[in-house]
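As a plain string of letters, each chain reads:
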Amino acid sequence: MRVAVLGGETDFEGWRKAARAFRQADVTPERAAFRVGSGGDGLFDESPPPPLAEASPFSVPKAFVELAQDVILHRSADRFDLLYRLLWRLGAEPDLMRVVTDIDVGDALERAKNVSRASHKMKAFVRFRKVEDAEGERWVAWFEPAHRVLEKTAPFFARRFTTMNWSVLTPDGSAAWDGEILTFGPPATRDMAPSEDEIEDFWKTYYASTFNPARLKTKAMQAEMPRRYWKDLPEAALIPELVARSAVRTEAMVAAPAPEPNVRLAKTLSRINRDRAFDEGFVPSTLQELDQAVQACRRCPLWRDATQGVCGEGPKKARLMIVGEQPGDQEDLAGHPFVGPAGGVLDKALEEAGIDRDDVFVTNAVKHFKHEPRGKRRLHKTPTAGEVSACRWWLDAERRLVKPKVIVTLGGTAALGVLGRKVAVTKERGQGIGLPDGAQALLTVHPSYLLRIPEAAAKAAERDRFVVDLKRAKALL
Ligand code: URA
């Protein structure tokens, strides 16, 4: 048995160096072992195995390297061995990474999915608390990620909270941002982070205002926001009460929760499919394939600042499609369309119009969240006509696959995405407009517009008009 000693649990470079040496020396996976130890740097317990005289340099697919970088962050002890087994097999099976049914490939994809999910949870559930000391104001968060995703995820916080001086402490290590440089330090303990402060109330108010009882699925919610994270979330104290209240109103829905689509696995697969997605002739043949490919979209620059592409959701053959503008802050994090405040307005209006949201395919004209940082918030920015046009390729693909009879567009951007021309929504609102594929478009306002109307009576009147438009769409079906 040959043993390589790695410099740390997430020492990808060390693993890569050792695995390369193993392979060049023809050390089979059964005879290769990896352990984490001090002073290790992909070095060996004894001397490194000598490369075979005839060993030729080898390369591995980029998809493998990207997958391995995620898998190594998994907490399982045998992850180094799994990766070396895959590396070894790639020698004789160069297309192995495309065989998603292979047991090792499937195992690695599953672990990468878990890692990716842990990173997502970290983005969604880290809560900073203010600390003031001699050095000034700092924001500190304690978090226990399911996998070792601190280094992978910290750049997200640096982008999102650029102007804040913050630290994230975890049992695996710590990350700190001083407004310019991101540094990583030793593991921490929970007592090193403050647990309560005045911004608790801010989170509680924020959560209560964005919590949407009509869409509550307790199982799905616990999957998204597992109990293990609750203890560090100020707003979690509200959950039992909010759930109890909504249970009364939406008992039937809670009794039959729908499974959430596996967006994270799709993202991992999309790396593998990336090249394919940008073949000239690539046309997604299923919504799942489309979803995967959107994660690799580079048709315009909006992907850079977004957490993920957010595709449409709903029945594969929905007769009614609703098109919004683009995912907002919450949709970007959750990976689902219309789950934030505008989604709340839409849900209620659909209910009043007698339309079940579960029968509707809900999507957006633009699949990535366009925004600009303002302090610690991300402010929505309207996509340009060029960005809408670039993203039209995806919307058209969704339309081809779903084949809706009626498409309701919410606001000007959605109308531009569907009709391909600039329109004055107020002039063409509420009537069926024939589309070349035989469907009918019905234009109406965006729910965010309703949220922005300050005066109560005007707001109520506009909401009623919105419901009337949805009823008209229903009548066109
Ligand atoms: N606004 C939109 O247009 N779409 C969403 O998904 C959310 C908010």
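Look above for the structure.
As for the sheet that holds strand 9 (residues 320-324)
So, step 1. The strand order across the open sheet built from five strands is 10-9-13-15-14, with neighbouring strands paired in mixed fashion. Every other strand in the sheet has two partners, leaving strand 10 (360-364) and strand 14 (432-434) as the edge strands with one partner each. Each strand of the sheet is rotated relative to its neighbour by a mean of 25 degrees, with strand direction disregarded.
So, step 2. The pairing of strand 13 (residues 406-410) with strand 15 (residues 440-444) spans five bridges and is classified as parallel. Considered in strand 15, the bridge of Thr 409 is made with Leu 443.
So, step 3. On the sheet, helix 16 (residues 411-419) packs against strand 9, strand 13, strand 14 and strand 15 and is oriented at approximately 140 degrees with respect to strand 13.
So, step 4. Packed on one face of the sheet, helix 19 (residues 456-476) meets strand 9, strand 13, strand 14 and strand 15 and runs near 175 degrees to strand 15.

Some details on the environment of Phe 338
So, step 1. Within the fold, Phe 338 resides in the loop between helix 13 (329-334) and helix 14 (341-352).
So, step 2. By relative accessible area, Phe 338 is classed as buried at 4%.
So, step 3. Along the chain, Phe 338 and Val 310 lie 28 residues apart, while their C-alpha atoms are 10.0 Å from each other.

Considerations on the site of the ligand
So, step 1. In the vicinity of the ligand, the contacting residues are Gly 324, Glu 325, Gln 326, Pro 327, Gly 328, Glu 331, Pro 337, Phe 338, Asn 364 and His 446.
So, step 2. Within the backbone of Glu 325, one N or O atom sits 2.7 Å away from an oxygen atom of the ligand.
So, step 3. Within the side chain of Asn 364, one N or O atom sits 2.7 Å away from a nitrogen atom of the ligand.
So, step 4. Alone, the ligand offers 240 Å² of accessible surface; in the complex the protein occludes 93% of this.
So, step 5. A breakdown of the residues in the shell around the ligand according to their chemical character gives three nonpolar, five polar and two charged.

Observations regarding the side chain of Arg 160
So, step 1. Its location among the elements puts Arg 160 in helix 5 (residues 150-160).
So, step 2. For Arg 160, a relative accessible area of 12% corresponds to the buried category.
So, step 3. A distance of 2.9 Å separates polar atoms of two side chains, one belonging to Arg 160 and the other to Asp 329.
So, step 4. Those residues in contact with Arg 160 that sit more than four places away from it in its chain are Asp 329, Leu 333, Gly 375, Lys 376 and Arg 378.

Topic: the pattern of salt bridges
So, step 1. Counted by the stated rule, this structure contains 30 salt bridges.
So, step 2. Close ionic contact of Lys 113 with Glu 110 constitutes a salt bridge, the shortest N to O distance being 3.1 Å. Separated by three residues within a single helix, Lys 113 and Glu 110 lie in helix 4 (residues 103-125), roughly one turn from each other.
So, step 3. Looking at Lys 113, the relative accessible area reads 8%, which means it is buried.
So, step 4. Judged by its relative accessible area of 35%, Glu 110 is partly exposed.
So, step 5. Between Arg 378 and Asp 329 there is a salt bridge, and its shortest N-O distance comes to 2.8 Å. Separated by 49 residues along the polypeptide, Arg 378 in strand 12 (residues 377-380) and Asp 329 in helix 13 bring together distant segments of the chain. Like Asp 329, Arg 378 is buried.
So, step 6. One continuous salt-bridge network, built from bridges that share partners, spans Arg 85, Arg 89, Glu 93, Asp 102 and Asp 104.

Quick look at the sheet that holds strand 8 (residues 182-185)
Strand pairing in a sheet takes place through backbone hydrogen bonds and is either antiparallel or parallel in direction.
So, step 1. Spatial ordering of the open sheet is given by 4-5-6-7-8, a layout of five strands whose pairing is mixed. Each of the sheet's edge strands pairs with one partner strand only, and the pair in question is strand 4 (129-133) and strand 8. On average, each strand axis in the sheet is inclined to that of its neighbour by 25 degrees, with strand direction left out of account.
So, step 2. Summarising the sheet, strand 6 (residues 166-169) and strand 7 (residues 174-177) pair through four bridges and their orientation is antiparallel. Of the residues in strand 7, the one forming a bridge with Ser 167 is Ala 176.

Digging into the pairing of strand 1 (residues 2-6)
Moving residue by residue along a regular strand, the side chains alternate between the two faces of the sheet.
So, step 1. Here strand 1 runs beside strand 2 (residues 32-36); their pairing, made up of five bridges, is parallel. Bridging across to strand 2, Val 3 finds its partner in Ala 33.
So, step 2. You can see the chain leave strand 1, run along helix 1 (residues 12-24) and come back into strand 2, and the turn it takes is right-handed.

Structural notes on the packing of aromatic side chains
So, step 1. On inspection of all chains with the given rule, the structure shows 15 aromatic pairs.
So, step 2. Between the aromatic rings of Tyr 84 and Trp 88, the centroid separation amounts to 6.4 Å while the plane-to-plane angle is 50 degrees, which identifies the pairing as tilted. Note that Tyr 84 and Trp 88 are positioned in helix 3 (residues 79-92) at a spacing of four residues, about one turn of the helix.
So, step 3. When its relative accessible area of 26% is taken as the criterion, Trp 88 is described as partly exposed.
So, step 4. Ring geometry for Phe 157 against Trp 166: centres 6.0 Å apart, planes inclined by 75 degrees, an arrangement best described as edge-to-face. Across the pair, exposure class does not vary: Phe 157 and Trp 166 are buried alike.
So, step 5. One aromatic cluster is present, built from ring pairs that chain together Phe 12, Trp 15, Phe 22, Phe 34, Phe 64, Phe 80, Tyr 84 and Trp 88.
So, step 6. Against the face of Phe 80 rests Arg 79, its NZ or CZ located 4.2 Å from the ring centre.
So, step 7. Its end group placed over the ring of Trp 393, Arg 299 keeps NZ or CZ at 4.1 Å from the ring centre.

Reading the values: the criteria
Residues numbered from 1 in each chain as written. Predicted model: local features only at pLDDT ≥ 70, side-chain atom pairs only at ≥ 80, totals over all residues. Heavy atoms only, no water. Pairing = 2+ DSSP bridges. Helix = DSSP H or I, 4+ residues; strand = E, 2+ residues; numbered from the N terminus. Axes fitted to C-alpha atoms, helices over the stretch in contact; angles between N-to-C directions. Contact = heavy atoms within 4.5 Å. Buried < 20%, exposed > 50% of the residue type's maximum accessible area, 1.4 Å probe, protein only. Near = heavy atom within 4 Å. Polar contact = N/O pair within 3.5 Å; in protein donor to acceptor, adjacent residues only side chain to side chain. Areas by Shrake-Rupley, 256 points an atom, 1.4 Å probe, with all protein chains shown as cover. Nonpolar A, V, L, I, M, F, W, Y, C, P; charged D, E, K, R; others polar. Salt bridge = Lys/Arg side-chain N within 4 Å of Asp/Glu carboxyl O. Right-handed = clockwise from strand over helix to strand, strands pointing away. Phe/Tyr/Trp six-rings, centres within 6.5 Å; stacked < 30°, edge-to-face > 60°. Lys NZ or Arg CZ within 6 Å of the ring centre and 35° of its normal.

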